[in-house]
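# Examining the three-dimensional arrangement
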Amino acid sequence: MREIGAEMERELVIIGGGPAGLAAAAAAVENGVAAEDILILEREPELGGILLQCIHNGFGIHRFGEELSGPEYAARFAKKVAELGIPSLLSTMVLTLHRMEDGRKEITAVSSAHGLIRLKARAVVLAMGCRERGRGALNIPGTRPAGIYTAGAAQKFVNIKGFMPGRKVVILGSGDIGLIMARRMTLEGAKVEVVAELMPYSGGLSRNIQQCLRDFDIPLLLSHTITQIHGKERVTGVTISQVDEKRRPILGTEQYFACDTVLLSCGLIPENELTRQAGIPLDPVTGGAVVGENRETEMPGVFAAGNVLHVHDLVDFVSAEAELAGAGAARWLAEGDHAGVKLAVRPQGVIRYVVPQTVSLPADEDVRLFFRVGEVVEKAAVIVECGEKVLYKGMRPKLLPGEMESVTLKAETLSGLDSGQLTVRLEKR
Amino acid sequence: MMDVAVIGAGVVGALVARELSRYELDVCMLEKADDVAMGTSKANSAIIHAGFDCQPGSVMARMNVRGNAMMDELAQQLSVPFKRNGSMVLGFNEEDTGTLQVLLERGIKNGVPGVKIVSGDEARALEPNVSGEVVAALVAPSGGIVCPYELTIAAAGNAMDNGVQLFTGFEVVEAHFENGVWTLVSADGNEVQAKVVVNAAGLFSDRVAAILGDTDYHVFPRRGEYLLLDRDQGTMVSHTIFQCPSAMGKGILVTPTVDGNLLLGPTSENREDREDTATTAEGLATVARLASKSVPGVNLRAVITSFTGLRSCSTAHDFVIEPSKNQPQLVEITGIESPGLSSAPAIAEYVVSLLKEMGVQLKEKADFNPYRRPIPRFREMDIEERRKLIAEDARFGQIICRCETVTAGEIVRALHQNPPAHDLDGVKRRTRTGMGRCNGGFCTPQAVEIIAKELGIPAEQVTKCGGGSRLLVGKAKEGDLDA
Amino acid sequence: MSETIRELTCIVCPIGCTLKVTMDDGKFVSVTGNTCPRGAKYAETEMTAPRRVLTSTVKVSGGHLPLCPVRTKGDIPKELLFEAMRAVNAVSIPAPVSIGQVVIEDLCGTGVPLIATRDIHSV
């Protein structure tokens, strides 16, 4: 009889073997955790996560100074993890996570090869990534025919499985995956009729508007949405309407587009079911855990990084963030809880969120705050303050909701602070 | 030659077939769709009504109260989740209070157990999230919830396990009665012969009746739109929360489902189109608005899907279950609107008694098995049950649908166990694959692969729901780049 | 003189600078808005002979996956994208494939090779 279950113990378990999980694992080893004391749990049959289906280029400019494709970027980290000798369990899905009375975390997972797995870990890094918002969540009226996919599902079909989900495509939402798929489908011989975006600005990177839409004369309709899906068995078309400033469809602006496929690229949602189940507090705006500068959540010894924490535009920043989490976990395993004070970091005005949500002081290192704005802002100063004290002020020519921004607070700037909270705001020039 | 042919494999047809499978009879179900439960049984409020709403003395009242009482044993035999969560009708003003009194009296007359009226505060003590404006409520503890398509699938499957044949894709377009035998002809020219026919064609029962020579029925669809919310809203209420009924139905309800979601709806709109299951912006907005009236704290951003159901109504506003007045060896079942799901077990029992009166020989089978072996539900198992299952078949260790924790093993079983699924939606209804919050974004590619492999067809031929609903249009690398 | 100003989004890196390019009679004159020298070069090329990196997949036989992702090792003329796709679609390579392996030496006479961007093992 096969082995049908396993009981294991580890210093550090990393949930998710995508870019965040791999970088966190490597950083943990580089910061002193023995490789064999770590275990990466990955639900897919190989390491690399969603990057494996992102075959386009544009990954690694910050990290490696070159433009890699998703699989190449993933391969560099997978190779590093292999060289460091960090073990992983593949095709393994984590089912539960909770904190035991002695402070350790118990994880149950399942796979065909090992059956039910029960794991006890001192520290955990959450690196489960995110999912796309689907048709149901968007609540688009109309029929429910075949041919409606999230952009990511279509990407998996085309790039990994080798199938075309459709030939005449309308895309709702201008998120990067949707833009990338517009080009990808076009190059595979499909006709992308139009991309409709609810907001008055694009959700994706400007360069993707250029190289994925304009290059192929694909129109982008801003402030438009799909108000009806048509077709009984397979999609036959969509009605697209303009929306007003409150995002309500404007009567009389309906246009009909014949198509056999609707791709949805309307935002990503961090996959925090396990986090929620474990009772770890979440930030309602990011949809991810509340974390400190080392990406430790409010549950001691549990860290989070990458798209499970907040949705990133660039994998380079995911890797950097995961390294903070991996190093943070290594330090926590060696030294235990941070002894200093913890200040909250609060967004103000058009700044929707800031990660990390807390900063522990005294700081030994510079702290980089990542944030997003809720609307397009031109020529504004980003200001970080603690009470009356201005910790940072820097100009930005343009801030876009689709692009994550950051400011770096020098460790010495933070020295001497021991109370109050940090606020991040914009000041229009 | 069949002894009995049941036209329509909705909840009524499936339960009639199952009831008949107790006896030494050759029985078949003829279903025009690719799967069972594809009409009204697929999309409705999923409520087992207590029976206080029906006019005393009506067929409806009798069937509802009897059907409700039969549900515990039936659900247990078929391994279908069923919960007596109780029903609560909210009264917001004096007029409503009067209506509640009428419902109470009807309930008592109809023999509904335990029905009573409570004050607004008592209602809120039972259901802390109902509106502060509620002044009184009717409570009926025997009200329950069940998944209507799951019940139908299980009933049809159990009937098949006991020898009933299911012909899907069989749309009856022609019928002849000659020499004491019915010949039923499908749209694509296949024929089935049967001594007796039961018309359980739901929304199309009047048209089927006309094909069989009975032209005096008329059914019209009443559209109802629904919103289904994430599990994180599933505990907002424990009872099924109704508003006071009107001529158009039982009003917008807020109810937990047996799968732990929260269901809101339906709207109520009479239309002639019997296939229009599109949702509308206005309809969904109405559901949201009225549901919030009952339960103000409901988070409408937690919607995971919306859908439209078509109820099959008749002008008589009562069930018609009778031997045909014009044709021999034919039972007509029509006008099965709400509470049709609740009444279905009783309707099946009654139909069989009618068939007996018509001379059908009911000799009990020695080997009838009322129990159905369900598809294992990995997500509901404890660790030991899971261990055992994976040891038997490693495919139960491979999670395909992350949101609903559905394994490859369950999908494989859904494709082979009676009644077998033929498509993605069929798999979804049997296993909940793709029914969670990601709407199938992650699992669809894998589910398609499993369906293709198990059915021995290329992936491009896998459909969402039969017919022309193919999910893929061809292979990559073969596109026309000259267009 | 027929000086015109065209606005471009730089695609060299994800920053996506907005470039203002001054052209005279179809000839590149100057650019503003770039934050690095590569942006300036991009603007000139984009206005005269635009180039793109092509990423796609090729068929694989006997591999653990049916397709292998590929990219051009460097950019190719934009106008050749569809012709290049025809060449890419016509190729089928046997497993195993290793990352960086040259799939087509010279894609459509551009002098730019097409390379595999992941490993595919044999089954």
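These numbers come from a predicted model, not from an experiment. (Residues numbered from 1 in each chain as written. Chains lettered and ligands numbered in written order. Predicted model: local features only at pLDDT ≥ 70, side-chain atom pairs only at ≥ 80, totals over all residues.)

## Describing the overall build of chain C
Applied cut-off: Runs of E in the DSSP output that reach at least two residues are strands. Runs of H or I that reach at least four are helices, and both are numbered from the N terminus. What the globule rule says is 2.2 Å times the number of residues to the power 0.38, and the radius of gyration is computed from C-alpha atoms. Between the buried cut of 20 or more and the exposed cut of 12 or fewer other C-beta atoms within 10 Å of a residue's own C-beta lies the partly exposed class, and all C-beta atoms are placed from the backbone. Any residue pair is listed as a contact if its two C-beta atoms, each placed from the backbone, are within 7 Å.
Broken down by element type, chain C carries two helices and ten strands. Going from the N terminus to the C terminus, chain C shows its helices and strands as β-β-β-α-β-β-β-β-α-β-β-β. Taken against the 2.2 N^0.38 rule, which gives 14 Å for 123 residues, the C-alpha radius of gyration of chain C at 18 Å runs more than 25% over that of a compact globule. With respect to the principal axes defined by its C-alpha atoms, chain C has extents near 65 × 25 × 15 Å. Buried positions account for 36% of the 123 residues belonging to chain C. Across chain C, every contact between residues at least 6 apart in sequence was considered, and the portion connecting residues at least 24 apart equals 47%.

## Some points on the overall build of chain B
Helix and strand counts for chain B stand at twelve helices and 23 strands. Scaling as 2.2 N^0.38, a compact globule of 483 residues should have a C-alpha radius of gyration of about 23 Å, and chain B matches this with 23 Å. Projecting the C-alpha coordinates of chain B onto the three principal axes gives extents of approximately 60 × 60 × 55 Å. Split into buried and exposed, the 483 residues of chain B put 56% on the buried side. For chain B, contacts bridging at least 24 residues in sequence account for 72% of all contacts bridging at least 6.

## Re the interface of chain A and chain B
Threshold: Asp, Glu, Lys and Arg are counted as charged, while Ala, Val, Leu, Ile, Met, Phe, Trp, Tyr, Cys and Pro are counted as nonpolar; the rest, among them Gly, fall into the polar class. Pairs of strands are assigned from DSSP output, requiring at least two bridges between the strands.
With 46 residues of chain A in contact, the opposing surface of chain B contributes 48 residues. Secondary-structure elements contributing two or more residues to the side of chain A that touches chain B are strand S6 (93-99), strand S7 (105-111), strand S8 (115-126), strand S9 (130-132), helix H4 (135-138), helix H5 (151-161) and strand S11 (163-164) of chain A. Here the side of chain A that touches chain B gets six residues from one element, more than from any other, and that element is H5(A). Across the side of chain A that touches chain B, the residue classes tally to 17 nonpolar, 16 polar and 13 charged. Bridge analysis of S11(A) against strand S23 (residues 474-475) of chain B gives two bridges, and the strand direction is antiparallel. Note that in S23(B) the partner of Met164(A) across the bridge is Gly474(B).

## Some remarks on the environment of Ile117(B)
Residue and element names in this part refer to chain B. If you trace the backbone, Ile-117 turns up in strand S6 (residues 116-119). The sequence separation of Ile-117 and Thr-334 amounts to 217 residues, and the corresponding C-alpha distance is 33 Å. Once residues lying within four places of it in the same chain are set aside, the contact partners of Ile-117 are Leu-100, Leu-104, Ala-136 and Leu-138.

## Regarding helix H1 (residues 11-20) of chain B
Residue and element names in this part refer to chain B. Of all the ten residues making up H1, ten are buried; the element is thus mostly covered by neighbouring parts of the structure. Among all positions of H1, only Val-11, Val-12, Gly-13, Ala-14, Leu-15, Val-16, Ala-17, Arg-18, Glu-19 and Leu-20 are buried. Against the buried residues of H1 lie strand S1 (2-7), strand S2 (27-30), helix H5 (148-161), strand S12 (191-199), strand S20 (330-334) and helix H8 (340-357).

## Digging into the pairing of strand S6 (residues 67-72) of chain C
All names here are of chain C. Here S6 lies mainly inside the structure; six of its six residues are buried. Alternating positions in S6 separate into two faces, Leu-67, Pro-69 and Arg-71 on one and Cys-68, Val-70 and Thr-72 on the other, with burial throughout. Taken together, strand S5 (residues 55-61) and the strand that follows it, S6, pair antiparallel across an intervening segment of five residues, in which Gly-62 is found at a positive phi of about 70°. Examined bridge by bridge, S6 and strand S10 (residues 114-116) share three bridges and lie antiparallel to one another. Each residue of the ladder has a partner; that of Thr-72, found in S10, is Leu-114.

## Describing the sheet that holds strand S14 (residues 220-222) of chain A
Residue and element names in this part refer to chain A. Condition: The angle between two axes is taken between their N-to-C directions and runs from 0 to 180 degrees, where each axis is a line fitted to C-alpha atoms and a helix contributes only its stretch in contact.
Taken together, five strands build an open sheet; the order of strands is S10-S18-S12-S13-S14 and the sheet is parallel. Lying at the two open borders of the sheet, with one neighbouring strand each, are strand S10 (148-150) and S14. With strand direction ignored, the average angle separating the axes of adjacent strands in the sheet is 20°. Sheet analysis places S10 next to strand S18 (residues 261-264), joined by three bridges and oriented parallel. Among the inter-strand pairings, Ile-148 is bridged to a residue of S18, identified as Val-262. Of the strands in this sheet, strand S12 (168-172), strand S13 (191-197) and S18 are in contact with helix H6 (residues 176-187), which crosses S13 at around 170°.

## A closer look at the domain arrangement of chain C
Just so we agree on the cut-off: These domain limits were set by an automatic method or by a database of domain assignments.
In terms of domain boundaries, chain C breaks down into domain 1 (3-48) and domain 2 (55-116). When each unit is reduced to the centre of its C-alpha atoms, the spacing between domain 1 of chain C and domain 2 of chain C is 29 Å.

## So, helix H7 (residues 281-294) of chain B
Note that an α-helix has 3.6 residues per turn; residues three or four places apart therefore point the same way. Residues and elements named next belong to chain B. As a reminder of what qualifies: Take the number of residues in a helix, subtract one, and multiply by 1.5 Å to get its expected span. Note that the arc is computed from the directions linking the helix axis to the C-beta atoms.
Taking 1.5 Å per residue as the helical rise, H7 with its 14 residues ought to reach 20 Å, and the 21 Å between its terminal C-alpha atoms agrees with that figure. Residues of H7 that are buried: Gly-283, Leu-284, Val-287, Ala-291 and Ser-294. Within H7, the buried residues cover an arc of 95° as seen down the axis, which keeps them to one side. Residues of H7 that are exposed and angled more than 90 degrees away from the buried face: Glu-282 and Arg-289.

## A closer look at the pairing of strand S21 (residues 341-347) of chain A
All names here are of chain A. Summarising the sheet, S21 and strand S23 (residues 358-361) pair through four bridges and their orientation is antiparallel. The residue of S23 that forms the bridge with Val-341 is Leu-361. Relative to strand S28 (residues 422-428), S21 is paired through three bridges, and the arrangement is parallel. If you follow Arg-346 over to S28, its bridge partner there is Thr-423.

## Examining the packing of helix H10 (residues 408-416) of chain B against helix H12 (residues 444-455) of chain B
Residues and elements named next belong to chain B. Going by this rule: Roughly parallel here means an angle under 35 degrees, roughly antiparallel means over 145, roughly perpendicular means 65 to 115, and every remaining angle is called oblique. Should the near helix be turned anticlockwise from the far one by less than a right angle, the crossing is termed left-handed; should it be turned clockwise, right-handed.
Taken N-terminus to C-terminus, the directions of H10 and H12 make an angle of 45°; their axes are 10 Å apart at the nearest point. In this view, H10 runs oblique relative to H12, as classed from their interaxial angle. Between H10 and H12 lies a crossing whose hand is right-handed. Every residue of H12 that contacts H10 at Ala-408, Ile-411, Val-412 and Leu-415 is listed here: Ala-447, Ile-450, Ile-451, Glu-454 and Leu-455. Of the residues in the contact of H10 with H12, the class split is eight nonpolar, no polar and one charged.

## Structural notes on the sheet that holds strand S22 (residues 351-355) of chain A
Residues and elements named next belong to chain A. One open sheet holds the three strands; their spatial order is S22-S24-S27, and the pairing between them is antiparallel. Of all the strands in the sheet, just S22 and strand S27 (405-409) have a single pairing partner and so form its edges. Averaged over all pairs of adjacent strands, the angle between their axes in this sheet comes to 25°, without regard to strand direction. Bridge analysis of S22 against strand S24 (residues 367-373) gives four bridges, and the strand direction is antiparallel. Bridged to Val-354 within S24 is Phe-371.

## Brief notes about the environment of Gln101(B)
Residue and element names in this part refer to chain B. Turning to its location among the elements, Gln-101 is positioned in helix H3 (residues 94-110). For Gln-101, a count of 14 C-beta atoms within 10 Å corresponds to the partly exposed category. It is 8.3 Å that separates the C-alpha atoms of Gln-101 and Leu-138, two residues lying 37 residues apart in sequence.

## Considerations on the nonpolar core
Note the cut-off: Linking buried Ala, Val, Leu, Ile, Met, Phe, Trp, Tyr and Cys residues through C-beta atoms within 7 Å yields a set, and such a set is a nonpolar core.
In terms of nonpolar packing, the biggest core is built from 167 residues, with Ala24(A) and Leu126(A) touching the most fellow members. Once you skip the residues sitting within four places of it in the chain, Ala24(A) turns out to touch Ile14(A), Val125(A), Ala127(A), Ala305(A), Ala322(A), Glu323(A), Ala325(A) and Gly326(A). Counting 124 residues, the second-largest nonpolar core is a separate cluster that includes Val12(B), Val89(B), Trp182(B) and Phe204(B).

## Observations concerning the domain arrangement of chain B
Domain parsing of chain B yields domain 1 (81-144 + 220-311) and domain 2 (378-461). Computed over C-alpha atoms, the centres of domain 1 of chain B and domain 2 of chain B are 32 Å apart.

## Regarding the confidence of the model for chain C
Stated precisely, the cut-off is as follows: As a per-residue quantity, pLDDT reports the predictor's confidence and falls between 0 and 100.
Per-residue pLDDT for chain C averages 93, and the proportion of residues at 70 or more is 99%. The ipTM value of the predicted complex is 0.93, and its pTM value is 0.93.

## Here we look at the environment of Ser306(B)
Turning to its location among the elements, Ser306(B) is positioned in strand S18 (residues 303-314). In this structure, the C-alpha to C-alpha distance between Ser306(B) and Thr279(B), residues 27 residues apart in sequence, is 7.3 Å. Excluding residues that lie within four positions of it along the chain, Ser306(B) makes contacts with Gly136(A), Asn139(A), Glu225(B), Tyr226(B), Leu227(B), Thr279(B) and Leu284(B).

## Details of unusual backbone geometry
For the bond from Leu361(A) to Pro362(A), the omega torsion is 0°, close enough to zero to count as cis. Here Pro362(A) shows up in the loop between S23 and S24. Omega for the bond connecting Ala95(C) with Pro96(C) falls within 30 degrees of zero, at 0°, which places this linkage in the cis form. Looking at where Pro96(C) falls in the secondary structure, it is placed in the loop between strand S8 (92-94) and strand S9 (102-104). A positive phi angle, near 45°, is found at Lys379(A), a position not held by glycine. Secondary-structure assignment places Lys379(A) in strand S25 (residues 377-386). The phi dihedral of Arg432(B) is positive, around 75°, even though this residue is not glycine. The residue Arg432(B) is located in the loop between helix H11 (424-431) and H12 in this model.

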